[in-house]
Amino acid sequence: MALSVDRSVRPEISTAYARLEEKILERDQKGASDIFYDLVRAQVPLAELVGQIVRIHAPYTHVPYHQRLDDGVPRFVNNDHCLLSSRATLDLVPRMPPELAFLPVAQTIWYLPTGLDPWNQLLGKMPGHYVRLYEIKFEGKPPLPEVHWPDQTPLAIDGTWPERLNTWLTLVQRGEVINAYRVFLGLWEAAVTDPDRRTALLAQLVFAGLIDVQDRVFHNRSYTTGHKSYRARATVALARMVGWENAHSVLYAGVPDIAVGPRWYSTYEMGCLVIQNLLDNRDRELLENDAPLTPVESLALQQAILSGQEPAFIDLIVALLKAGRGHRQIIDTIQLASAQLIIETGDVNGYSMPQHSYEYCNTVRWFFDTFQHPHRLKLLFVAAAFVTRAAHHQKHTPDNNPVKIAPPKGSDALTSSEVLTRLDSALDGLRAFEAMDWVAAYLHGDHDRAPLLQTLAVGAAKAGNDPHNQELGICLLDDYGHSTAAERDRLLYASAKHTAGHRKYGSHLDAWRRYADAFGLARS
């Protein structure tokens with residue numbers, strides 16, 4: 001499916017974007033999808049299409065605060081899933097067979113009408129994702145979504161470049177949302193055509209998200225589970241996709257939220273003090289480490305995270321760094337522990353902590369690979385703390401237990417294609433444990449891994465109604481391709497388990513089936 005556009009249809013395409021916006025704001029999932037299919041048939045470039053999607057939702061996916069106290073009871077509210085789904089598209093599209101190239105975007109389009117103005121959804125004034133999550137009743141015609149943080153003009157500030165970056169981060173810490181956003185736009189104007197400044201600014205944006213992780217998760221429903229870092233990462237990736245000079249709507253969708261409260265930095269402070277007190281502030285020197293962990297060291301760190309408490313994982317990471325082990329190799333090991341939590345999750349509603357701790361580890365790995373931020377070593381301790389708390393949560397939550405994964409009986413007599421057909425059926429049928437067994441059958445057959453990765457990616461793209469969850473499936477496949485860990489196959493098991501096992505809303509194959517019907521594809 002070509003990603004070029006016939007410029008003779010530009011006026012028609014512009015009109016289609018206006019109609020798409022109208023249908024999304026009317027909460028018309030079917031109508032929006034039909035217009036999207038027409039845009040695909042018109043061979044609109046993916047970057048242009050995604051840029052328009054972000055432009056449409058950017059004003060309406062912010063909240064005034066990420067927590068409400070309703071009659072004295074805290075309730076969490078956040079909705080960056082529209083933006084995160086668009087970013088996941090960038091990774092999913094190259095993994096799709098040609099006929100499914102636009103399926104990940106179709107999932108985003110299907111979700112958008114349910115993702116607008118989550119603040120008023122909690123008040124029962126707006127239909128959408130949080131209405132179904134909290135089982136709130138909404139009746140009548142939906143009003144237009146509210147804009148809680150209007151777009152702004154840039155504000156230039158004085159100082160050296162590092163001083164200006166720190167000023168912006170200070171405004172974020174203080175929760176000065178409008179000033180922080182205006183200053184960022186001013187910095188962007190000064191950096192957009194300067195690669196070095198632009199990279200430093202984007203690194204600071206993601207860093208501000210990565211340091212914002214709360215201290216407890218057990219018996220909590222109000223979280224800042226790394227989502228600001230996911231939003232910041234999406235902002236970077238999508239801004240690059242649409243072009244730095246065309247990225248204003250992407251910045252509007254992603255940047256203001258970084259300063260919205262509540263904010264938690266004490267886990268990051270722990271990382272700072274560990275580096276200071278136990279590693280003599282040798283951040284930059286230790287970042288040069290590149291030695292792999294031994295099998296014993298890898299197992300010890302995983303066990304400390306999955307079964308221990310602070311400071312067990314702290315002491316082990318400190319010892320590993322002192323022994324010359326690389327930060328990249330350490331985060332890959334932490335990912336294994338987080339993937340194990342996904343594998344051992346039993347209840348369909350129990351994936352929140354495993355999936356968020358894993359996405360955080362994935363984002364940290366991406367941050368290590370993308371930026372040379374001076375404080376990135378400290379994030380090892382934040383990531384390990386997050387996964388340790390998730391493990392504690394799972395241990396004390398019913399129905400999470402060790403899992404035996406084994407190829408189904410007789411699977412050794414099947415061809416590789418037959419195994420993948422059964423895996424695809426298990427993913428679509430939400431048979432999560434069976435899906436892992438079919439992954440095992442494929443791996444034990446020593447077949448080419450590429451078709452397996454495509455099957456898992458397609459399975460993630462087909463499961464809709466909250467497309468942020470397709471990002472979790474692709475995160476694990478992404479890390480599989482980068483991991484230095486000897487046990488990286490565990491990431492494939494976790495990808496299958498999450499895609500088939502996480503909580504679904506409504507009919508999870510609706511968007512996929514409509515897409516298949518629209519383009520004359522065979523569907524399950």
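Just above, that's the structure.
This report concerns the structure included in the present document. In this convention, every chain numbers its residues from 1, walking through the sequence in written order. Since the coordinates come from a predicted model, pLDDT governs what is reported: local features require at least 70, and pairs of side-chain atoms require 80 or more to be given and counted, while whole-chain, interface and lining totals use all residues. Heavy atoms throughout the structure, all of them, feed into the side-chain values; hydrogens and water do not.

### Considerations on the overall build of the chain
Moving on, step 1. Counting from the N terminus, the helices are DSSP H or I runs at least four residues long and the strands are E runs at least two residues long. A count of helical and extended segments in the chain gives 25 helices and two strands.
Moving on, step 2. Each radius of gyration is computed over the set of C-alpha atoms, and the globule rule expresses the reference value as 2.2 Å times the number of residues to the power 0.38. Compactness check: the chain gives a C-alpha radius of gyration of 23 Å against a globular reference of 24 Å for 524 residues, within 12% of the reference.
Moving on, step 3. For the C-alpha atoms alone, the extent of the chain along its principal axes is close to 70 × 60 × 50 Å.
Moving on, step 4. Here the chain, with 524 residues, has 60% of them falling under the buried criterion.
Moving on, step 5. By the convention used here, residues are in contact when the closest approach between their heavy atoms is within 4.5 Å. At a minimum sequence separation of 6, the contacts of the chain that also span at least 24 residues come to 78%.
Moving on, step 6. Side-chain charges in the chain split into 52 positive and 60 negative, and the spacing between the mean points of these groups amounts to 2 Å. Three labels apply to residues, based on accessible area from a 1.4 Å probe with only protein chains included: buried if under 20% of the type maximum, exposed if over 50%, partly exposed otherwise in between. A residue counts as positive if it is Lys or Arg and as negative if it is Asp or Glu; His and the chain ends are not included. Taken as the charge location is NZ of Lys, CZ of Arg, CG of Asp or CD of Glu.

### Structural notes on the pattern of salt bridges
Moving on, step 1. Take a side-chain nitrogen of Lys or Arg and a carboxyl oxygen of Asp or Glu: if they are within 4 Å of each other, that pair is a salt bridge. Taken as a whole and judged by the stated rule, the model has 25 salt bridges.
Moving on, step 2. Ionic contacts of the salt-bridge type, sharing partners, join the residues Arg233, Arg328, Asp332, Arg365, Asp369, Asp478 and Asp479 into one network.

### Some points on the side chain of arginine 389
Moving on, step 1. Structurally, arginine 389 can be placed in helix 19 (residues 379–395).
Moving on, step 2. Arginine 389 sits in the buried class, given a relative accessible area of 16%.
Moving on, step 3. Once you skip the residues sitting within four places of it in the chain, arginine 389 turns out to touch Gln214, Asp215, Val217, Thr267 and Glu310.

### Side note on the packing of aromatic side chains
Moving on, step 1. Here the aromatic set is Phe, Tyr and Trp, taking the six-membered ring for Trp, and pairing holds for ring centres within 6.5 Å; pairs whose planes are under 30 degrees apart are stacked, those over 60 apart are edge-to-face, and all others are tilted. Going through the model one piece at a time under the given rule, you end up with 11 aromatic pairs.
Moving on, step 2. Measuring from ring centre to ring centre gives 5.4 Å for phenylalanine 207 and tyrosine 268, while their planes differ by 85°; the resulting arrangement is edge-to-face. A residue pair is termed long-range when its members are at least 10 positions apart, and phenylalanine 207 in helix 10 (residues 195–210) and tyrosine 268 in helix 13 (residues 266–278) qualify at 61 residues. An identical accessibility class is assigned to phenylalanine 207 and tyrosine 268; each is buried.
Moving on, step 3. Lying over the aromatic face of tryptophan 119, arginine 68 brings its terminal NZ or CZ to 4.5 Å of the ring centre. Working rule: Lys NZ or Arg CZ, within 6 Å of ring centre, within 35 degrees of ring normal, means a charge sits over the ring.

### Side note on helix 5 (residues 103–111)
Moving on, step 1. In terms of burial, helix 5 is a largely internal element, nine of the nine residues being buried.
Moving on, step 2. For helix 5, the complete set of buried residues consists of Leu103, Pro104, Val105, Ala106, Gln107, Thr108, Ile109, Trp110 and Tyr111.

### A closer look at the pairing of strand 2 (residues 73–76)
Moving on, step 1. Bridge count for strand 1 (residues 67–70) against strand 2 is four bridges, and the pairing is antiparallel. Within strand 2, the residue paired with glutamine 67 across the bridge is phenylalanine 76.
Moving on, step 2. For two strands to be treated as a pair, DSSP must find no fewer than two bridges joining them. Linking strand 1 back to strand 2 in an antiparallel pair, the connection comprises two residues, with aspartate 71 at a positive phi of about 55°.

### Some details on the packing of helix 15 (residues 295–307) against helix 16 (residues 312–322)
Moving on, step 1. Put simply, helix 15 and helix 16 touch, their axes get as near as 8 Å, and they point 155° apart. Judged by the inter-axis angle, helix 15 sits roughly antiparallel to helix 16. Considering the relative orientation of helix 15 and helix 16, their crossing is left-handed. The residues of helix 16 that touch helix 15, namely those facing Glu297, Ala300, Leu301, Ala304 and Ile305, are Ala312, Phe313, Leu316, Ile317 and Leu320. Here, axes are lines fitted to C-alpha atoms. For helices the fit covers the stretch in contact, and angles between N-to-C directions go from 0 to 180 degrees. Relative orientations are named as follows: roughly parallel for angles under 35 degrees, roughly antiparallel for angles over 145 degrees, roughly perpendicular for angles from 65 to 115 degrees, and oblique for any other angle. Helix crossings get a hand from a simple test, with the near helix turned counterclockwise from the far one by less than a right angle marking a left-handed crossing and a clockwise turn marking a right-handed one.

### Focus: unusual backbone geometry
Moving on, step 1. Cis rather than trans, the peptide bond between glycine 261 and proline 262 has omega equal to -5°.
Moving on, step 2. Its place among the elements puts proline 262 in the loop between helix 12 (248–254) and helix 13.
Moving on, step 3. In the segment running from glutamate 310 into proline 311, the intervening peptide bond is cis, with an omega of 10°.
Moving on, step 4. Mapped onto the secondary structure, proline 311 falls in the loop between helix 15 and helix 16.
Moving on, step 5. Phi at leucine 430 is positive, roughly 60°, even though this residue is not glycine.
Moving on, step 6. Summarising the element assignment, leucine 430 is placed in the loop between helix 20 (416–428) and helix 21 (432–444).
Moving on, step 7. With a phi angle near 85°, asparagine 465 is a residue other than glycine that sits in the positive phi range.
Moving on, step 8. Structurally, asparagine 465 can be placed in the loop between helix 22 (449–462) and helix 23 (468–482).

### Looking at the state of the cysteines
Moving on, step 1. For this text, the term disulfide refers to a pair of cysteine sulfurs within 2.5 Å. The final tally for this structure, using the stated rule, is zero disulfides.
Moving on, step 2. The thiol of cysteine 272 is not disulfide-bonded; the next cysteine sulfur, from cysteine 361, is found 18 Å away.
Moving on, step 3. Take cysteine 361: it sits in no disulfide, and the sulfur closest to it among the cysteines is that of cysteine 475, at 10 Å.
Moving on, step 4. You can call cysteine 361 buried: its relative accessible area is 0%.

### Regarding the environment of tryptophan 119
Moving on, step 1. Along the chain, tryptophan 119 falls in helix 6 (residues 118–122).
Moving on, step 2. Given the relative accessible area of 14%, tryptophan 119 is considered buried.
Moving on, step 3. When the C-alpha positions of tryptophan 119 and valine 63 are compared, they lie 5.8 Å apart, and in sequence the two are 56 residues distant.
Moving on, step 4. Ignoring any residue separated from it by four or fewer positions in sequence, one finds tryptophan 119 in contact with Val63, Pro64, Tyr65, Gln67, Arg68, Val77 and His148.

### Things to note about the nonpolar core
The nonpolar side chains of soluble globular proteins are, as a tendency, buried together.
Moving on, step 1. The definition of a nonpolar core used throughout is a set of buried Ala, Val, Leu, Ile, Met, Phe, Trp, Tyr and Cys residues joined through side-chain atoms within 4.5 Å. Within the largest apolar cluster, 169 residues are counted, with the highest numbers of intra-cluster contacts made by Trp168, Ile317, Ile334, Tyr360, Leu380 and Phe381.
Moving on, step 2. In terms of residues, this core owes the most to one element, helix 19, which gives 11 residues.
Moving on, step 3. Residue contacts for tryptophan 168: discarding those within four places in its chain leaves Ala180, Val183, Phe184, Leu187, Gln204, Leu205, Ala208 and Ile258.
Moving on, step 4. Among the nonpolar cores identified, the runner-up in size contains eight residues, and Val77, Leu122, Tyr130 and Ile136 belong to it.

### Concerning the environment of proline 127
Moving on, step 1. Position of proline 127 relative to the elements: it lies in the loop between helix 6 and helix 7 (129–133).
Moving on, step 2. Each C-alpha atom of the pair proline 127 and aspartate 369 lies 39 Å from the other, and the pair is 242 residues apart in sequence.
Moving on, step 3. Not counting chain neighbours up to four residues away, the residues in contact with proline 127 comprise Arg27, Gln121, Phe138 and Pro142.

All quantities given are derived from atomic positions and should not be read as evidence of function.
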